[in-house]
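Listed below, chain by chain, are the residues.
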Amino acid sequence: MSEFRLQQLKSHIVSERRITTMSGSPSPLTTHVLNTALGVPGSNMTIRLYQQDRSANVWHLLTAGTTNSDGRCPGLITQQQFVPAVYKLHFETGQYWASLGQNSFYPYVEIVFTITDPDQTYHVPLLVSRFSFSTYRGS
């Protein structure tokens, strides 16, 4: 296995707690995009985080960003903003695959989840190929 690939794998194993927001405090919500077709991080993918207003049945955009070279998008939300609610992570997968010169079955992926205890740390990764995706709740 090449040294470059070993470094990539090591960076995926290191704790998410090192990811911090602009204020320097750890973000309680992190994500990580992995391109499982090529075995590399999903870099330069646009991500948006929304919070649901259940009374009006609408989504409010909280933040938007782009994954870095490691497939991560640090600083999604501050601890003060992170309250019990329903959230949605929106990943622009179609644009990502188009930037690689490929088409995709999924123009975007949305992961909707409920936070009941905002004092916990949540990691919501996206494992994606052109024709499939998977996610899970990490910590």
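Residues numbered from 1 in each chain as written. Predicted model: local features only at pLDDT ≥ 70, side-chain atom pairs only at ≥ 80, totals over all residues. Heavy atoms only, no water.

Asks: How do you make sense of the nonpolar core when you look at a structure like this?
Replies: Generally speaking, nonpolar side chains in soluble globular proteins are found buried as a group. One finds Leu29, Tyr87, Leu89, Phe91 and Phe113 to be the most contacted residues of the largest nonpolar core, which totals 23 residues. Every element with two or more residues in this core is listed here: β4 (46-53), β6 (85-91), α2 (93-99), β7 (109-115) and β9 (126-128). Contact partners of Phe91, with chain neighbours within four places excluded, come to Thr31, Val33, Met45, Thr46, Ile47, Tyr108, Val109, Ile111 and Leu126. (Core = buried A, V, L, I, M, F, W, Y, C linked by side-chain atoms within 4.5 Å. Buried < 20%, exposed > 50% of the residue type's maximum accessible area, 1.4 Å probe, protein only. Helix = DSSP H or I, 4+ residues; strand = E, 2+ residues; numbered from the N terminus. Contact = heavy atoms within 4.5 Å.)

Asks: Looking at this model, I keep getting lost on the UniProt feature "binding site: substrate" (unreviewed entry) in the chain. Mind explaining?
Replies: Residues annotated in UniProt with the feature "binding site: substrate" (unreviewed entry) correspond here to His32, Arg72 and Tyr136. Inspection of the secondary structure assignment puts His32 in the loop between β1 (29-30) and β2 (33-35). Using a relative accessible area of 5% as the deciding quantity, one classes His32 as buried. A polar contact is formed between the side chain of His32 and the backbone oxygen of Asp70, at a distance of 3.0 Å. Among the secondary structure elements, Tyr136 is positioned in the segment after β10 (133-135). For Tyr136, a relative accessible area of 47% puts it in the partly exposed group. With residues near it in sequence (within four places) discarded, Tyr136 still touches His123, Val124, Pro125 and Leu127. (UniProt positions renumbered as here; feature names shortened; annotations may be inferred. Polar contact = N/O pair within 3.5 Å; in protein donor to acceptor, adjacent residues only side chain to side chain.)

Asks: Is there a simple way to explain the sheet that holds β7 in this structure?
Replies: Sheets are built from strands that pair by backbone hydrogen bonding, the pairs being arranged parallel or antiparallel. Here four strands make up an open sheet; going across it, the order is β5-β4-β6-β7 and the pairing antiparallel. At either end of the open sheet lies a strand with only one pairing partner, and these are β5 (58-66) and β7. Along the sheet, successive strands turn relative to each other by an average axial angle of 20°, direction set aside. Sheet analysis places β4 next to β6, joined by five bridges and oriented antiparallel. Considered in β6, the bridge of Gln51 is made with Tyr87. (Pairing = 2+ DSSP bridges. Axes fitted to C-alpha atoms, helices over the stretch in contact; angles between N-to-C directions.)

Asks: I tried to follow the pairing of β5 on my own but got confused; where do I start?
Replies: Regular strands place their side chains on alternate faces of the sheet. Bridge analysis of β4 against β5 gives eight bridges, and the strand direction is antiparallel. Residue Tyr50 lies in a different strand from β5, and its bridge partner there is Leu61. What sits between β4 and β5 in their antiparallel hairpin is a turn of four residues, with Asn57 showing a positive phi close to 55°.

Asks: Looking at this structure, how should I read the side chain of Thr67?
Replies: Relative to the elements of secondary structure, Thr67 occurs in the loop between β5 and β6. A polar side-chain atom of Thr67 sits 2.6 Å from the main-chain carbonyl oxygen of Gly42. Within polar-contact distance, the side chain of Thr67 engages the backbone nitrogen of Met45 at 2.8 Å. Contacts of Thr67, omitting those with residues within four sequence positions, involve Val33, Gly42, Ser43, Asn44, Met45, Ile47, Arg72 and Cys73.

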